[in-house]
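Listed below, chain by chain, are the residues.
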Amino acid sequence: MGKTFETEQDQQVRYEALEKVAGESLALFYCCIAFDVPFDLEAISRDESEDKWLAYLDNLHLQKRDVGDEGEPLGFLDGLTDIVKIFGGNLKEGEFSRAVSAERSARARKPGTERQRKTWGAGSEKRPYTSADYDELDRTYQIMANDLINAGGVSSKQEFILRRCAKRTLEMDRMEKMGFYDKAMKLSKLIDADLASEQLRKKDAKPVEDFRIDSWAGALEKAGLMKNGKYCDPDEMFRILFGRLPKYPYTKDAAEQMLLINENRMRNNDGMPELTALPDGMRLQDDLGEFAQEQGPREREAYEALGLVKLPEAGAEKRR
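Each value, and the rule that gives it
- Residues numbered from 1 in each chain as written.
- Predicted model: local features only at pLDDT ≥ 70, side-chain atom pairs only at ≥ 80, totals over all residues.
- Heavy atoms only, no water.
- Core = buried A, V, L, I, M, F, W, Y, C linked by side-chain atoms within 4.5 Å.
- Buried < 20%, exposed > 50% of the residue type's maximum accessible area, 1.4 Å probe, protein only.
- Helix = DSSP H or I, 4+ residues; strand = E, 2+ residues; numbered from the N terminus.
- Phe/Tyr/Trp six-rings, centres within 6.5 Å; stacked < 30°, edge-to-face > 60°.
- Salt bridge = Lys/Arg side-chain N within 4 Å of Asp/Glu carboxyl O.
- Patch = residues over 30% accessible without salt bridge, like charges linked within 9 Å, V, L, I, M, F, W, Y side chains within 5 Å.
- Areas by Shrake-Rupley, 256 points an atom, 1.4 Å probe, with all protein chains shown as cover.
- Lys, Arg positive; Asp, Glu negative; His and termini not counted.
- Charge placed at Lys NZ, Arg CZ, Asp CG, Glu CD.
- Expected span 1.5 Å × (residues − 1).
- Contact = heavy atoms within 4.5 Å.
- Disulfide = S-S within 2.5 Å.

**Q** What am I meant to see in the nonpolar core here?
**A** For soluble globular proteins, the rule of thumb is that nonpolar side chains tend to be buried together. Of all hydrophobic cores here, the largest spans 19 residues; its most connected members are Leu-28, Cys-32, Val-37, Phe-39, Trp-53 and Tyr-56. Counting residues per element, the ones that place at least two in this core are helix H1 (8-34) and helix H2 (52-62). A per-element tally of this core places H1 first, with six residues. Within the second largest apolar cluster, 17 residues are counted, among which are Tyr-134, Cys-165, Leu-187 and Ile-191.

**Q** Sorry if this is basic, but what is going on with the packing of aromatic side chains here?
**A** Working definition: an aromatic ring pair is given by the centre-to-centre distance plus the angle between the planes. Using the criterion set out here, one finds 10 aromatic pairs in the structure. Aromatic side chains Trp-120 and Tyr-141 sit 6.5 Å apart centroid to centroid with 75° between the ring planes, which places their arrangement in the edge-to-face category. Linking Trp-120 in helix H5 (residues 114-120) with Tyr-141 in helix H6 (residues 131-150), this pair joins segments that are 21 residues apart in sequence. In this pair, the class of Trp-120 matches that of Tyr-141, namely buried.

**Q** How do you make sense of the pattern of salt bridges when you look at a structure like this?
**A** Side chains that differ in charge, positive against negative, can pair when their charged atoms come close. This structure, assessed with the given rule, holds 10 salt bridges. In this structure, Arg-65 and Asp-40 form a salt bridge, with 3.8 Å as the shortest nitrogen-oxygen distance. Highlighted residues: Arg-65 in the loop between H2 and helix H3 (83-87) and Asp-40 in the loop between H1 and H2, separated in sequence by 25 residues. For Arg-65, a relative accessible area of 16% gives the class buried. The partner of Arg-163 in a salt bridge is Glu-159, with the nearest N and O atoms 3.1 Å apart. Here the residue Arg-163 and the residue Glu-159 both occupy positions in helix H7 (residues 156-178), the gap between them amounting to four residues, near one helical turn. Within this structure, Asp-133, Glu-171 and Arg-174 form a network of salt bridges that share partners.

**Q** What should I look at first to understand a positive patch on the surface in this one?
**A** On the surface, Lys-126, Arg-127, Lys-183, Lys-186 and Lys-189 cluster together into a patch of positive charge. In this fold, Lys-186 is placed in helix H8 (residues 181-197).

**Q** Please explain a negative patch on the surface as it appears in this structure.
**A** There is a patch of like negative charges on the surface, built from Glu-8, Glu-16, Asp-47, Glu-50, Asp-51 and Asp-58. In this structure, Glu-16 sits in helix H1. Accessibility expressed as a relative area gives 34% for Glu-16, which makes it partly exposed.

**Q** Sorry if this is basic, but what is going on with helix H11 (residues 252-269) here?
**A** Along its 18 residues, H11 runs 26 Å from first to last C-alpha, staying within 8% of the 26 Å computed at 1.5 Å per residue. Burial in H11 covers these residues: Asp-253, Ala-254, Ala-255, Glu-256, Gln-257, Leu-260, Glu-263, Asn-264 and Arg-267. The inward-facing, buried residues of H11 contact helix H12 (297-306). Positive phi appears at Gly-271, one or two residues downstream of H11, with a value of about 75°.

**Q** How should the environment of Arg-115 be read in this particular structure?
**A** Here Arg-115 lies in helix H5. Classification of Arg-115 by relative accessible area gives partly exposed; the value is 40%. Here the alpha-carbon distance between Arg-115 and Glu-70, two residues 45 residues apart in the chain, equals 7.9 Å. Sequence-distant contacts of Arg-115, that is, excluding residues within four places in its chain, are made with Glu-70 and Asp-138.

**Q** Would you take a moment to explain the state of the cysteines for this structure?
**A** Linking two cysteines covalently through their sulfur atoms gives a disulfide. Taken as a whole, this structure holds zero disulfides when the rule is applied. Cys-31 forms no disulfide, and the closest cysteine sulfur to it belongs to Cys-32, at a distance of 7.3 Å. The class of Cys-32 is buried, set by a relative accessible area of 0%.

So, in structure tokens, the structure goes:
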């Protein structure tokens, strides 16, 4: 907390120097400015035996008045800054405790979280949003947007419409509680018109065809992924789905090295001697050009780390 180039103990020394010339009240206020710490009346210690500044920092931290609603660190501008409002017209030493008692109400925090205020605004001048209003707006929006979120997401336009509907829903509920049913009905019609404009009402949802096995199989056959009840070849399926043949990021030799390592692991488990090369019957054919032609940097690094040497071509032993 405070300036990074000063420890809290250094700040306490600075506070004591200021207290001697300005008194406890202004010393605390000046230190909050100097060290970019929020000035908060509720965090001021009443114990005369404590180091006042250190006690003030501890109280801020324990009462979580040094961080915002989202956990972000607060600075001097986030606390009380009006010196007249804090101390009244009297800045004499000894008057501070009475000024604190008289001005506790001035410390009231802003309603809602920083995110809520940014998302929903402050409300109208006559009816600013309360913390309960912000929570209700969040809840209403979540209910309205839940189906869209589950179906893949909410577009920017849909979010704008739904948030406006949430605000109008809050106002409609307020009108109903006050007995202004005509105004509540007008707001209800506006909400319905907004939802209809983007087909966001339940009755606007397109009907979903009942799932049937034969329709599912027919769709696969139509796409070329199935023929006569049998799936197509995996490589062909890959080509249909992705528009290209499969391409591996490693060479054919790397794939054969993996096969050789696995084969020797199984031979070890069975008490058999390891192979120095992969038998021709286990060698791979790359007729479709699926493997990389040259080693990439990660493959070269793996070969060096494992001490691997490129395997001889298939049938090389027989040709000797």
